[in-house]
Amino acid sequence: VFTEKELLAACLAAFRKDGDDIRGAVPSPIGVVCMDVQMLVETSVLEQQEEYPILRDYISRQSTACHNQTASDSALQTLRDDYSAASVCPAPAPLPAATTPPVEAGVLPRTG
């Protein structure tokens, strides 16, 4: 139904919540959920409230914010692999051998 009313939509990312998620600290994204605030109260009623600009700004900031997630390399690889095996990053190159002086009997050799 087209009402030709201006919508005040609030949107948030949706993540899988079940205990079967193997990603650890990284939730599995499943999409975005949006709802028009007019499902709860008419915009005309909200606009009469002194705090309406604050609410509108808050909804806008929350709907457009990029919420940081911290993930291990392993968790990120799992997410990539879920999308496509071609998305998995190659393993990093091995680190060069250490160049520190050898330790003999637990004592470092003296220098200069």
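Residues numbered from 1 in each chain as written. Predicted model: local features only at pLDDT ≥ 70, side-chain atom pairs only at ≥ 80, totals over all residues. Heavy atoms only, no water.

Student: With reference to specific residues and values, describe the overall build of the protein chain.
Tutor: Helix and strand counts for the protein chain stand at three helices and two strands. Ordered by position from N to C terminus, the α and β elements of the protein chain give β-β-α-α-α. In the protein chain, which comprises 112 residues, the share counted as buried stands at 13%. The long-range share in the protein chain, meaning contacts at least 24 apart out of those at least 6 apart in sequence, stands at 50%. (Helix = DSSP H or I, 4+ residues; strand = E, 2+ residues; numbered from the N terminus. Buried < 20%, exposed > 50% of the residue type's maximum accessible area, 1.4 Å probe, protein only. Contact = heavy atoms within 4.5 Å.)

Student: Go over the pattern of salt bridges, please, and point to the residues and values.
Tutor: For the coordinates displayed, the defined rule picks out one salt bridge. Arg 61 is the salt-bridge partner of Asp 57, the closest N and O atoms lying 2.8 Å from each other. Within this pair, Asp 57 and its partner Arg 61 are both found in helix H2 (residues 52-64), separated by four residues, close to a single helical turn. Looking at Asp 57, the relative accessible area reads 40%, which means it is partly exposed. Taking relative accessible area as the criterion, Arg 61 reaches 44% and is therefore assigned partly exposed. (Salt bridge = Lys/Arg side-chain N within 4 Å of Asp/Glu carboxyl O.)

Student: I'd like a description of the state of the cysteines, backed by residues and values.
Tutor: Linking two cysteines covalently through their sulfur atoms gives a disulfide. Tallying each qualifying case throughout the model produces one disulfide. Between the sulfur of Cys 11 and that of Cys 34 lies a disulfide, 2.0 Å long from S to S. Given an S-S torsion of about 115 degrees, the disulfide between Cys 11 and Cys 34 has right-handed geometry. In this pair, Cys 11 sits in strand E1 (residues 9-15) while Cys 34 sits in strand E2 (residues 29-36), placing the two residues 23 residues apart along the sequence. (Disulfide = S-S within 2.5 Å.)

Student: Break down the confidence of the model for the protein chain for me, with residues and values.
Tutor: Summary statistics for the protein chain give a mean pLDDT of 77 and a share of 76% for residues scoring 70 or more. The lowest-confidence element of the protein chain is helix H3 (residues 73-83), averaging 81 in pLDDT; the highest-confidence one is helix H1 (residues 43-47), averaging 89. (pLDDT = per-residue confidence, 0-100.)

Student: Residues and numbers for the side chain of Asp 36, please.
Tutor: Tracing the backbone through its elements, the reader meets Asp 36 in strand E2. There is a polar contact of 3.1 Å between the side chain of Asp 36 and the backbone nitrogen of Leu 8. Beyond its immediate stretch of four places on either side in the chain, Asp 36 contacts Leu 7, Leu 8 and Ala 9. (Polar contact = N/O pair within 3.5 Å; in protein donor to acceptor, adjacent residues only side chain to side chain.)

Student: Explain the environment of Ile 30 to me, using residue names and the numbers behind them.
Tutor: Along the polypeptide, Ile 30 turns up in strand E2. Ile 30 gets classed as exposed once you look at its relative accessible area, which sits at 62%. Distance in space between the C-alpha atoms of Ile 30 and Phe 15 is 5.3 Å, their sequence separation being 15 residues. Excluding anything up to four places from it in sequence, Ile 30 contacts Ala 14, Phe 15 and Arg 16.

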